[in-house]
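# Topology and contacts: notes
The chain contents come next:
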Number of protein chains: 4
Amino acid sequence: MQSQQKASPISNIRKNRIRATIRKIIFDADTPAGKAFDIGLFIAIVLSIVGMMLESVKEIDDAWGFQLMALDWVLTVLFTLEYGLRIWTTGKPFKYIFSFYGIVDLLAILPTYFTIFYAGANALSIIRSVRLLRVFRVLKLVQFVGEASNMAKAVKASANKIIVFIAFILIVSTIIGTMMYMIEGRGHGFTSIPRSIYWAVVTLTTVGYGDISPATEVGQFLAMCLMIMGYGVIAVPTGLVTAEMIKSSSAIGENKTAIEKEFSNITCPNCSSEGHKSNAKFCSDCGQSF
Amino acid sequence: MQSQQKASPISNIRKNRIRATIRKIIFDADTPAGKAFDIGLFIAIVLSIVGMMLESVKEIDDAWGFQLMALDWVLTVLFTLEYGLRIWTTGKPFKYIFSFYGIVDLLAILPTYFTIFYAGANALSIIRSVRLLRVFRVLKLVQFVGEASNMAKAVKASANKIIVFIAFILIVSTIIGTMMYMIEGRGHGFTSIPRSIYWAVVTLTTVGYGDISPATEVGQFLAMCLMIMGYGVIAVPTGLVTAEMIKSSSAIGENKTAIEKEFSNITCPNCSSEGHKSNAKFCSDCGQSF
Amino acid sequence: MQSQQKASPISNIRKNRIRATIRKIIFDADTPAGKAFDIGLFIAIVLSIVGMMLESVKEIDDAWGFQLMALDWVLTVLFTLEYGLRIWTTGKPFKYIFSFYGIVDLLAILPTYFTIFYAGANALSIIRSVRLLRVFRVLKLVQFVGEASNMAKAVKASANKIIVFIAFILIVSTIIGTMMYMIEGRGHGFTSIPRSIYWAVVTLTTVGYGDISPATEVGQFLAMCLMIMGYGVIAVPTGLVTAEMIKSSSAIGENKTAIEKEFSNITCPNCSSEGHKSNAKFCSDCGQSF
Amino acid sequence: MQSQQKASPISNIRKNRIRATIRKIIFDADTPAGKAFDIGLFIAIVLSIVGMMLESVKEIDDAWGFQLMALDWVLTVLFTLEYGLRIWTTGKPFKYIFSFYGIVDLLAILPTYFTIFYAGANALSIIRSVRLLRVFRVLKLVQFVGEASNMAKAVKASANKIIVFIAFILIVSTIIGTMMYMIEGRGHGFTSIPRSIYWAVVTLTTVGYGDISPATEVGQFLAMCLMIMGYGVIAVPTGLVTAEMIKSSSAIGENKTAIEKEFSNITCPNCSSEGHKSNAKFCSDCGQSF
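The rules we used
- Residues numbered from 1 in each chain as written.
- Chains lettered and ligands numbered in written order.
- Predicted model: local features only at pLDDT ≥ 70, side-chain atom pairs only at ≥ 80, totals over all residues.
- Heavy atoms only, no water.
- Contact = heavy atoms within 4.5 Å.
- Buried area = accessible area lost by both parts, 1.4 Å probe.
- Salt bridge = Lys/Arg side-chain N within 4 Å of Asp/Glu carboxyl O.
- Polar contact = N/O pair within 3.5 Å; in protein donor to acceptor, adjacent residues only side chain to side chain.
- Least-squares fit on C-alpha atoms with pLDDT ≥ 70 in both.
- Helix = DSSP H or I, 4+ residues; strand = E, 2+ residues; numbered from the N terminus.
- Nonpolar A, V, L, I, M, F, W, Y, C, P; charged D, E, K, R; others polar.
- Buried < 20%, exposed > 50% of the residue type's maximum accessible area, 1.4 Å probe, protein only.
- Patch = residues over 30% accessible without salt bridge, like charges linked within 9 Å, V, L, I, M, F, W, Y side chains within 5 Å.
- Areas by Shrake-Rupley, 256 points an atom, 1.4 Å probe, with all protein chains shown as cover.
- pLDDT = per-residue confidence, 0-100.
- Axes fitted to C-alpha atoms, helices over the stretch in contact; angles between N-to-C directions.
- Left-handed = near helix turned anticlockwise from the far one by under 90°.
- Expected span 1.5 Å × (residues − 1).

This part takes up the interface of chain D and chain C. Residue-level contacts link 47 residues of chain D with 45 residues of chain C. Summed over both partners, the interface of chain D with chain C buries about 3,800 Å², with 74% contributed by carbon and sulfur atoms. Looking only at chain D, the three residues that lose the most surface to chain C are D:M227, D:I228 and D:Y231, adding up to 19% of its buried area. Among the ionic pairs, C:R195 bridges to D:E217, the shortest N-O distance being 3.7 Å. Our count for the chain D to chain C interface comes out at six residue pairs in polar contact (both at pLDDT 80 or more).

Take the relation of the copies chain B and chain A next. In screw terms, the move from chain B to chain A is a rotation of 90° and a rise of 0.0 Å along the axis, fitting with an RMSD of 0.0 Å. The transformation relating the two chain copies, once decomposed into turn and shift, fits a four-fold axis.

Here we come to the interface of chain B and chain A. In this complex, chain B contributes 47 residues to the contact, which on the side of chain A involves 45 residues. Counting the surface chain B buries against chain A, the share from its top three residues, B:M227, B:I228 and B:Y231, is 19%. At the boundary of chain B with chain A, the tally comes to one salt bridge. Counting only elements with at least two residues in the side of chain B that touches chain A, the list comes to α9 (159–184), α10 (193–204), α11 (217–233) and α12 (235–262) of chain B. Residue contributions to the side of chain B that touches chain A peak at 12 residues, all from α9(B). Tallied by class, the residues present in the side of chain B that touches chain A amount to 28 nonpolar, 15 polar and four charged.

Quick look at the environment of C:D38 now. Residues and elements named next belong to chain C. Mapped onto the elements, D38 comes out in helix α3 (residues 32–56). Overall, the relative accessible area of 5% leaves D38 in the buried class. Separated by 11 residues in the primary sequence, D38 and F27 place their C-alpha atoms 8.9 Å from one another.

Applying the stated criterion across every chain yields a total of 16 salt bridges over all chains. Across the pair B:E82 and B:R86 runs a salt bridge whose closest N-O atoms are separated by 2.7 Å. You can see B:E82 and its partner B:R86 sitting in helix α4 (residues 58–89), four residues apart, about one turn around the helix. Exposure remark for B:E82: the relative accessible area of 7% places this residue in the buried category. Given a relative accessible area of 3%, B:R86 falls into the buried group. Shared partners join several salt bridges into a network, and the residues in it are A:E82, A:R86 and A:D105.

Residue and element names in this part refer to chain A. A cluster of nonpolar side chains, namely F114, I116, F117 and Y118, defines an oily patch on the protein surface of about 530 Å² accessible area. Examined against the element boundaries, Y118 turns out to sit in the loop between α6 (100–114) and α7 (135–138). Looking at Y118, the relative accessible area reads 57%, which means it is exposed.

All names here are of chain A. When the pLDDT values of chain A are averaged, the result is 74; 70% of them are 70 or greater. Confidence, expressed as mean pLDDT per element, reaches its minimum in chain A at helix α1 (residues 2–6) with 48 and its maximum at helix α10 (residues 193–204) with 90. Across residues 1–5, confidence stays below pLDDT 50; counting only partners more than four residues off in sequence or on other chains, it has six contacts. The low-confidence segment residues 250–265 (pLDDT under 50) makes 23 contacts with residues lying over four places distant or belonging to another chain. The complex model carries a pTM of 0.75, and its ipTM stands at 0.71.

Residues and elements named next belong to chain B. With respect to the helices, strands and loops of the structure, L47 is situated in helix α3 (residues 32–56). Sequence separation between L47 and D72 is 25 residues, and the spatial gap between their C-alpha atoms is 8.9 Å. Sequence-distant contacts of L47, that is, excluding residues within four places in its chain, are made with L71 and L75.

A separate point is the packing of helix α4 (residues 58–89) of chain D against helix α6 (residues 100–114) of chain D. All names here are of chain D. In contact at an axis separation of 9 Å, α4 and α6 are set at 145° when each is read in the N-to-C sense. Of the two elements, α4 crosses α6, and the hand of that crossing is left-handed. Of α6, the residues touching α4 (which contributes D72, W73, T76, V77, F79, T80, E82, Y83 and R86) are G102, D105, L106, I109, T112 and Y113. Tallied by class, residues from the contact of α4 with α6 come to seven nonpolar, four polar and four charged.

What follows concerns helix α6 (residues 100–114) of chain C. Residue and element names in this part refer to chain C. With 15 residues, α6 ought to run about 21 Å at 1.5 Å a step, and its terminal C-alpha atoms sit 22 Å apart, in line with that. Inspection of α6 places G102, V104, D105, A108, I109, P111 and T112 among the buried residues, and these make up the whole buried set. In this fold, the buried residues of α6 make contact with α4 (58–89) and α5 (93–97).

Spelled out as structure tokens, the structure:
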């Protein structure tokens with residue numbers, strides 16, 4: 001940003017002014033124009049995802065295939081334009097390009113271009129659904145981000161316990177899966193050990209598809225043990241998360257208003273970082289003034 | 001009410017007295033007559049719902065179709081009468097008509113009349129099951145209402161977290177559903193992306209019908225990841241609600257007797273509002289005296 | 001008891017002494033003989049249940065049917081003898097006959113006698129499995145009874161909330177079940193409203209058999225909503241019970257040793273009541289001395 | 001150990017030195033060589049398990065059967081070598097042989113040798129997956145062991161309650177299973193009482209395969225009751241574990257650093273016991289100096 005401001009003839013000043021305006025619209029959700037842009041973008045994202053889903057339904061694709069393809073191309077061109085503007089207006093393009101949102105934005109437009117060479121590539125554009133996370137910006141629901149980060153914290157705090165828990169599930173599933181492979185045999189759907197382990201996980205997590213199910217008495221008895229175990233084991237993650245939440249819930253209650261006050265919707269136009277205080281005058285990551 | 005009291009010849013006084021008596025019976029659950037009315041109404045509602053259910057069973061409909069239809073018409077006429085009396089006796093008919101119970105009461109009788117023109121309309125009368133909520137009035141179980149409102153409060157307090165949680169489930173289901181659509185293909189039941197997302201929700205919530213289930217190794221592996229995730233994610237709503245309940249449980253304990261004392265079964269005959277204190281002399285919403 | 005002690009010639013004294021000895025063996029689990037009797041009784045109960053289960057397996061019944069029937073008759077005669085002795089030795093026979101255990105003991109022997117007239121009656125003897133509750137007496141595990149009663153208390157304390165919760169599940173299932181009946185129609189297994197409600201409960205509780213599952217897009221969407229709701233609603237009973245348990249857990253910790261000390265395995269020979277203090281000299285219910 | 005040190009000519013001193021070095025590598029995870037050995041061992045264990053799983057997939061076994069068998073034999077010989085070295089270098093061989101890890105290590109190599117006589121024996125080598133528990137040693141994740149032992153403690157503290165809970169599930173399943181056997185009969189998959197009990201457990205734990213499902217109205221009604229019960233009963237283990245975890249969570253927070261400091265990766269070379277303090281100079285079980 002600094003380097004560009006040094007070399008500034010009159011034509012460049014104008015160009016910079018346009019750039020700054022676009023930047024404000026694209027990156028800042030607090031102005032009316034910025035909010036309108038975010039809502040429009042969100043609608044476009046939802047439209048493109050719904051279009052892609054409908055395209056996968058054979059009957060709809062047969063009847064409306066051309067229109068859906070046209071919609072997809074129009075939206076892709078708009079997303080490409082938006083991506084270009086973001087790179088152009090941001091101060092540090094590389095920081096944006098390699099940021100989480102930068103990569104997602106790029107991955108969201110590439111699949112459509114790939115369909116020129118390979119028709120099936122279109123399905124890859126499901127990556128666009130990750131862009132739905134922008135909804136929280138659109139709705140100016142800072143407290144949602146606060147809730148999400150609180151929940152993420154609770155999960156993080158129990159990370160060690162969760163790893164032990166998943167390791168336990170996998171070892172139990174491996175042992176019981178192999179036992180079932182030996183007991184039931186290939187005739188009852190337990191055609192290999194990996195498939196038997198798949199069955200054990202399906203049972204232990206109480207999903208229970210029924211695509212594979214024990215048919216011998218011994219197998220059914222073992223399955224019963226596994227089910228009761230799974231029924232009890234589900235208490236462990238619940239207990240962990242609940243204990244964490246109770247610990248942090250009083251803290252949340254006290255800090256919520258503070259969090260809401262503190263954080264704004266400002267995205268740094270220079271380095272694309274988010275989560276700045278609403279009364280911030282400079283970017284806390286790169287020093288860019290707002 | 002006021003306007004009607006102004007114009008009152010002797011015949012009108014009598015009429016008003018009858019109206020007041022009926023009003024007391026219909027709207028007030030504390031008098032013996034009112035209680036008998038509420039119990040009778042509740043039995044009629046249950047009868048009409050059971051009748052409608054039985055009508056949908058082909059064997060029963062073939063044998064008892066006429067009797068069930070007759071029962072439905074008798075009950076509908078009674079409900080219409082009750083609806084008319086409520087409008088006539090209440091002070092502010094429009095307030096009752098557009099209140100929650102007023103709309104439900106109307107919707108409960110309309111479907112039967114529609115069957116004159118279109119036979120299938122009968123099924124719409126399931127809306128009557130909402131009227132079952134009157135059971136709490138009948139049983140004079142004010143504490144149930146207190147419990148329900150406490151539970152609703154706990155849910156409301158976690159509303160933001162629940163929205164983040166549902167958004168998380170939907171985004172995960174969309175991404176994994178699309179991946180499964182690409183991995184498994186149309187041959188194994190994953191015929192479209194919406195259907196694959198349906199499968200992902202069935203799996204993540206540990207319902208697991210088995211109408212669609214992965215058959216390839218990669219698909220089964222991805223399904224296992226989704227199941228273990230779903231098994232752990234169930235901890236989040238549980239943790240939320242539990243934390244809320246523990247927070248409020250001491251408060252509930254202290255306030256329960258107070259709540260029971262405070263609230264009565266009185267419904268304002270003027271504006272149909274409920275939840276008045278048992279020692280209330282005037283409606284807290286419209287000033288009508290009891 | 002008193003009336004019998006008045007009329008006592010020498011032969012009667014002897015008879016009374018035998019009766020008192022048998023009474024001690026049958027009703028009291030603290031003496032070695034009483035303990036041996038209880039263990040033997042427990043083994044006999046387990047044997048009779050296992051025998052009945054095996055009889056229901058066609059292959060086993062074909063090969064060992066006669067032996068199993070013989071075993072059943074021998075055990076039934078023994079149980080009848082035990083039942084007779086209990087009536088004879090207890091002071092107040094009618095109190096025993098109409099007590100919980102008295103009724104269960106009678107129901108446990110009747111089905112076998114019924115098989116003389118009707119072969120299928122045998123299956124009714126599953127009521128014997130209720131007698132397995134005696135295991136807690138046998139193992140002298142008074143603390144288990146303490147735990148069970150604590151858990152029962154926690155459930156009782158949340159009884160109101162649980163009723164509201166079950167009412168909520170039933171009303172939601174009724175409404176969504178009827179909607180599915182209208183949407184999916186008879187072609188996809190939703191052949192009647194009761195069956196559709198059954199499907200709704202199967203889905204809401206995350207059991208998910210898959211014997212009935214939605215096949216239309218609208219039905220699958222509605223099912224997804226129901227599943228996510230069910231996934232969240234499971235948090236409610238968990239939250240309730242957890243909150244109760246946390247409240248009572250400190251109290252349990254302090255009182256456990258006290259409970260263990262206080263209660264014994266003594267059953268009053270006069271009135272068959274249980275749960276007397278181990279240092280009790282008289283029955284707290286009828287004043288009978290031990 | 002003492003007896004061997006008494007009789008020590010010069011050649012024996014050398015032998016002892018080699019033995020001590022190997023012992024340090026095998027039993028101690030704190031030196032670089034020991035860590036490298038543990039990582040290599042862990043990779044070998046994973047390799048052998050993956051190999052065994054792949055062997056069970058028919059297509060892979062047809063194409064790569066020989067290579068997989070060769071890999072299995074190479075790994076088995078290496079494991080045998082390791083087992084021999086452990087016996088040779090440890091001071092008290094019998095203590096190691098009959099320790100938990102000693103038995104698992106032996107069971108892990110035996111199945112492959114059995115395949116010389118009986119081909120199917122190979123599947124028994126799944127016992128190797130128990131050896132995966134060594135992963136916690138490899139990753140030097142002492143805190144994981146701490147977490148696991150804390151969770152085990154929470155489970156142990158609720159042991160009595162869990163037994164009551166499982167007894168409750170089994171008795172309910174037995175009674176309802178038998179009732180369903182009588183209601184549904186052999187035509188609908190409820191071919192015997194044990195199979196009906198299996199169905200009841202599948203339903204109560206909300207697994208719901210759908211391999212057996214009720215088809216009559218009465219059966220479906222009973223199934224609905226069982227499901228709602230199961231949906232509520234799941235709250236009990238969750239409540240138990242959560243209450244325990246909340247009780248212990250503050251204690252965990254305070255003691256974690258202490259635990260990490262206290263325990264080391266040292267395995268006693270004399271008696272194979274683990275869990276010694278990191279500043280321990282002597283084995284706390286046998287007095288062997290480190």
